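An overview of the molecular structure
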Amino acid sequence: MTLTKDHIVSSIANHLGVTKFDSTHLVESVLETVKTSLSNGEDVLISGFGKFIVRKKEARRGRNPQTGENLTLDPRRVITFKCSPVMRDRISTKG
């Protein structure tokens, strides 16, 4: 099962004893802060969970698989995630 934003909102509402409206506002605020930081090229570290890292990819050669035509792929930024050792240990012991 995939954990969705709705599941997170419901879990926080139940755990903290707040309304779903307040819980939704809290989750949206946290996610907006994370998105803003990543958009600005800043890494996001959540202790005990992991680190979202913004990496820059240079322009590179590519090929259209349908036509075989060579082309240049533009430079771009991508987000990678590195799991914290605490989370890695927790996941590996669940197997």
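Now for a description of the structure that goes with this document. Since the model is a prediction, treat every value here as computed from it, not as a measurement.

**A few points about the sheet that holds strand S1 (residues 44-46)**
Read across the open sheet, the three strands follow the order S1-S2-S5; overall the sheet is antiparallel. Edge positions in the open sheet fall to S1 and strand S5 (76-83), since each of these has one partner strand only. Strand-to-strand twist in this sheet, taken as the mean axis angle between neighbours without regard to direction, amounts to 20°. Across three bridges, S1 lies against strand S2 (residues 50-57) in antiparallel orientation. Following the sheet pairing, Ile46 is matched in S2 by Gly50.

**Points about the packing of aromatic side chains**
The final tally for this structure, using the stated rule, is two aromatic pairs. Aromatic side chains Phe49 and Phe81 sit 5.4 Å apart centroid to centroid with 55° between the ring planes, which places their arrangement in the tilted category. One end of the pair, Phe49, is in the loop between S1 and S2; the other, Phe81, is in strand S5, with 32 residues separating them in the sequence. The exposure class of Phe81 is partly exposed, given its relative accessible area of 38%. Consider the rings of Phe52 and Phe81, whose centres lie 4.8 Å apart with planes at 50°: the pair is tilted. Of this pair, Phe52 sits in strand S2 while Phe81 is found in strand S5, placing the two residues 29 residues apart along the sequence. Chaining the aromatic ring pairs together yields one cluster made of Phe49, Phe52 and Phe81.

**What about the packing of helix H1 (residues 5-16) against helix H2 (residues 20-39)?**
The geometry of H1 relative to H2 is characterised by a closest axis approach of 8 Å and an angle of 125° between their N-to-C directions. Between H1 and H2, the interaxial angle falls into the category oblique. In the crossing of H1 with H2, the sense of the turn from one axis to the other is right-handed. Here Lys5, Asp6, Ile8, Val9, Ser10, Ile12 and Ala13 of H1 come into contact with H2, specifically with Lys20, Ser23, Thr24, Leu26, Val27, Glu28 and Leu31. Along the lines of polarity and charge, the residues of the contact of H1 with H2 split into seven nonpolar, three polar and four charged.

**A word on the pairing of S2**
Between S1 and S2, which pair antiparallel in sequence order, lie three residues; one of them, Gly48, sits at a positive phi of approximately 80°. Relative to S5, S2 runs antiparallel, the two sharing eight bridges. Residue Arg55 lies in a different strand from S5, and its bridge partner there is Val78.

**Some thoughts on the environment of Lys51**
Summarising the element assignment, Lys51 is placed in strand S2. Exposure remark for Lys51: the relative accessible area of 32% places this residue in the partly exposed category. Counting along the chain gives 12 residues from Lys51 to Arg63, while the straight-line C-alpha distance between them is 32 Å. Those residues in contact with Lys51 that sit more than four places away from it in its chain are Asp43, Val44, Leu45, Thr80, Phe81 and Lys82.

So, how was this worked out
Residues numbered from 1 in each chain as written. Predicted model: local features only at pLDDT ≥ 70, side-chain atom pairs only at ≥ 80, totals over all residues. Heavy atoms only, no water. Pairing = 2+ DSSP bridges. Helix = DSSP H or I, 4+ residues; strand = E, 2+ residues; numbered from the N terminus. Axes fitted to C-alpha atoms, helices over the stretch in contact; angles between N-to-C directions. Phe/Tyr/Trp six-rings, centres within 6.5 Å; stacked < 30°, edge-to-face > 60°. Buried < 20%, exposed > 50% of the residue type's maximum accessible area, 1.4 Å probe, protein only. Parallel < 35°, antiparallel > 145°, perpendicular 65-115°, else oblique. Left-handed = near helix turned anticlockwise from the far one by under 90°. Contact = heavy atoms within 4.5 Å. Nonpolar A, V, L, I, M, F, W, Y, C, P; charged D, E, K, R; others polar.

Without other data, these values stay purely geometric and don't point to any function.
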